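Residue-level structural notes
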Amino acid sequence: MALYFIPLATIVLFLVNQFTNSLCIQKEIPEEKQPKVFRTINVLITILLISSYIEVLFA
């Protein structure tokens, strides 16, 4: 299962970062606030992916 989940999680994280970049550009978020936005979203998505992996692993 990890053979499928880890590459998929990497792709999801990459796409979310692209969407976050688009959001920062569209909403004109200042450069000094962008790292905090990226960090927050990446931490939340990582928690979501880890919890999903654990759920799939033990279900």
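Here we summarise the structure given alongside this text.

Moving on: the environment of Tyr4. Its place among the elements puts Tyr4 in helix α1 (residues 2-26). A relative accessible area of 67% means that Tyr4 is categorised as exposed. A sequence separation of 50 residues divides Tyr4 from Ile54, and the C-alpha atoms of the two residues are 14 Å apart.

As for its placement among the helices and strands, Gln34 is situated in helix α2 (residues 34-58). Aside from chain neighbours lying at most four places away, what touches Gln34 is Cys24 and Ile29.

Attention now goes to α1. Here α1 is 25 residues long and its end C-alpha atoms lie 35 Å apart, about the 36 Å a rise of 1.5 Å per residue gives. If you check which residues of α1 are buried, you get Phe5, Ala9, Val16, Thr20 and Cys24. In this structure, the buried side of α1 is in contact with α2. Count one or two residues on from α1 and you reach Glu28, which has phi positive near 55°.

This part is about α2. With 25 residues, α2 extends 36 Å between its outermost C-alpha atoms, agreeing within 8% with the 36 Å of an ideal straight helix rising 1.5 Å per residue. All of the buried residues along α2 are Gln34, Ile45 and Leu49. Here the buried face of α2 lies against α1.

Cut-offs and rules
Residues numbered from 1 in each chain as written. Predicted model: local features only at pLDDT ≥ 70, side-chain atom pairs only at ≥ 80, totals over all residues. Heavy atoms only, no water. Helix = DSSP H or I, 4+ residues; strand = E, 2+ residues; numbered from the N terminus. Buried < 20%, exposed > 50% of the residue type's maximum accessible area, 1.4 Å probe, protein only. Contact = heavy atoms within 4.5 Å. Expected span 1.5 Å × (residues − 1).

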